[in-house]
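Now for the letters of each chain:
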Amino acid sequence: MNHSITGKNYKKLVMQAAATGVSFCVLDTLNNEIKQISHVPFNKTTPLEDELWRMFVQYPELRMGFDEAVVLHDNAFNAFVPTALFDEDFAGSYLQYNTRVFDGDVYAWDAVGSYDITNVYVPLMNINNYLIDRLGSFDYRNANSVLVEKLLDDSKNAFEKQVFIHVKDTHFEIVVTNGPKLLLFNSFEYALPEDFLYYVLFTLEQLELNPETVKVWMLGSIDTQSPLYALAYTYIRHVALYDAAPLAAKWQTSHENALTNFILLHT
C-alpha cells in the first residue's frame, strides 16, 4: 500500500470474496468515482487458488498500486455477539450453535460501529494467504459486519421495527432492527422463490411481526421485476426496495448499481 503523500494515487480496492466468486470495485477516493465494478464467478471444480490466479490475469487493473485495499469475507460462518459478553479467548464457542467449527479454524472478529456488537467469524484464510502475496498488506472484515453496521446507521432514528432483506443469487440475509438495536441477523440459502418466501414469513412469525404492518426493505441483487419481489409483495403489505439514493449520489452512480453493490460501496 502507498501511504506517502507524494505516492498517493487516490485509488482504493474493495474485494468481496466468497468460495463461489469475487466481486471487486476500484474507487477514486479523490473524486468519489467508481472506476470499475466487476463480478467474477468461480468454477466449483477448479482449485480456488487457480481461480484467483485467473482473476488477476484477466483483470490487470487489480495489479495497479492502491492506497488502500479491503477484503470482505463473504460467508455465513459468523455470529453477532454483544460486546460485553465477548471473550476473544473463546471466539469459536459463539459459532458452534449456528455453524460447524473445527479445531484448526482461525477466528476473527469485527467491532460493529458504535453499537456494542462484535461479529465473530471464520475468515477464508486460503483467500487471505493468496491475496497477501498479490496485494501486500490489506484490511479484512466480514461482509455481514458492513451490512449490519450500515443498516443500523440508517435505522437508528426509526421508532419501529424494520426488516431488511439483502438478496444474492443463492442466499439472502435478513436483518431486523428496532431503531439502533439489532434484533436478528440470519442467512438462508434458497433454490426457488417459494423457498425464499417461506424463510421470510417464518422469520416474521418467529419474531411476532405482522406482515400487514411491518415494513420490509429489499436490497442487493433485486428489482421490482424479480419473482422474489413479486412473491414478497403478494404476502407482505409494506414491502419496497431500499432507498439507496444517498449512496448512489455519493459515488455518482445509478440507484440500481448502489442497491446491488450496497456492501462494496459502503466499505
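Residues numbered from 1 in each chain as written. Predicted model: local features only at pLDDT ≥ 70, side-chain atom pairs only at ≥ 80, totals over all residues. Heavy atoms only, no water.

Chemist: What am I meant to see in the overall build of the protein chain here?
Modeler: Across its full length, the protein chain carries eight helices and 13 strands. Since a compact globule built from 267 residues should have a radius of gyration of about 18 Å, the 19 Å found for the protein chain is in line with a globular shape. Counting only C-alpha atoms and orienting by the principal axes, one finds that the protein chain spans roughly 55 × 45 × 40 Å. Taken across its 267 residues, the protein chain has 46% of its residues classed as buried. Of the contacts formed within the protein chain by residues at least 6 apart in sequence, a portion of 56% connects residues at least 24 apart. Just so you have it, the protein chain exposes about 13700 Å², and 51% of that area is on carbon and sulfur atoms. Positive and negative side-chain charges of the protein chain, numbering 18 and 33 respectively, have mean locations separated by a distance of 6 Å. (Helix = DSSP H or I, 4+ residues; strand = E, 2+ residues; numbered from the N terminus. Rg over C-alpha atoms; globule rule 2.2 N^0.38 Å. Buried < 20%, exposed > 50% of the residue type's maximum accessible area, 1.4 Å probe, protein only. Contact = heavy atoms within 4.5 Å. Areas by Shrake-Rupley, 256 points an atom, 1.4 Å probe, with all protein chains shown as cover. Lys, Arg positive; Asp, Glu negative; His and termini not counted. Charge placed at Lys NZ, Arg CZ, Asp CG, Glu CD.)

Chemist: Whenever I open this one, the side chain of Ser-155 confuses me. Can you help?
Modeler: Structurally, Ser-155 can be placed in helix α3 (residues 143–155). Within the local environment of Ser-155, its side chain forms a polar contact with the backbone oxygen of Leu-151, the two atoms lying 2.9 Å apart. Apart from the residues within four sequence positions on either side, Ser-155 is in contact with Gln-162, Phe-164, Thr-177, Gly-179 and Pro-180. (Polar contact = N/O pair within 3.5 Å; in protein donor to acceptor, adjacent residues only side chain to side chain.)

Chemist: Quick question: what am I supposed to make of unusual backbone geometry here?
Modeler: Most peptide bonds are trans, and most residues other than glycine sit at a negative phi. Positive phi outside glycine occurs at Tyr-10, with the angle close to 60°. Its location among the elements puts Tyr-10 in the segment before β1 (11–18). Relative accessible area serves as the criterion here: at 31%, Tyr-10 is assigned to the partly exposed category. Of note in this structure, Asn-32 is not a glycine but carries a positive phi near 50°. Along the chain, the position of Asn-32 falls in the loop between β2 (21–28) and β3 (33–41).

Chemist: I tried to follow the sheet that holds strand β11 (residues 181–189) on my own but got confused; where do I start?
Modeler: Sheet strands pair via backbone hydrogen bonds, and the direction of the pair is either parallel or antiparallel. Spatially, five strands are ordered β11-β10-β9-β12-β13 in an open sheet, and the strand pairing comes out mixed. Edge positions in the sheet fall to β11 and β13 (238–241), since each of these pairs with one other strand and no more. Strand after strand, the sheet turns through a mean of 20° between neighbouring axes, direction not considered. Here strand β9 (residues 161–167) pairs with strand β12 (residues 215–220) via six bridges, running parallel. Its bridge partner lying in β12, Gln-162 is registered against Lys-215. In the packing of α3 onto the sheet, the strands contacted are β9, β10 (171–178), β11 and β12, and the crossing angle to β10 comes to about 35°. Each of β9, β10, β11 and β12 is contacted by helix α4 (residues 193–206), which is oriented at about 20° to β10, the strand it contacts most. (Pairing = 2+ DSSP bridges. Axes fitted to C-alpha atoms, helices over the stretch in contact; angles between N-to-C directions.)

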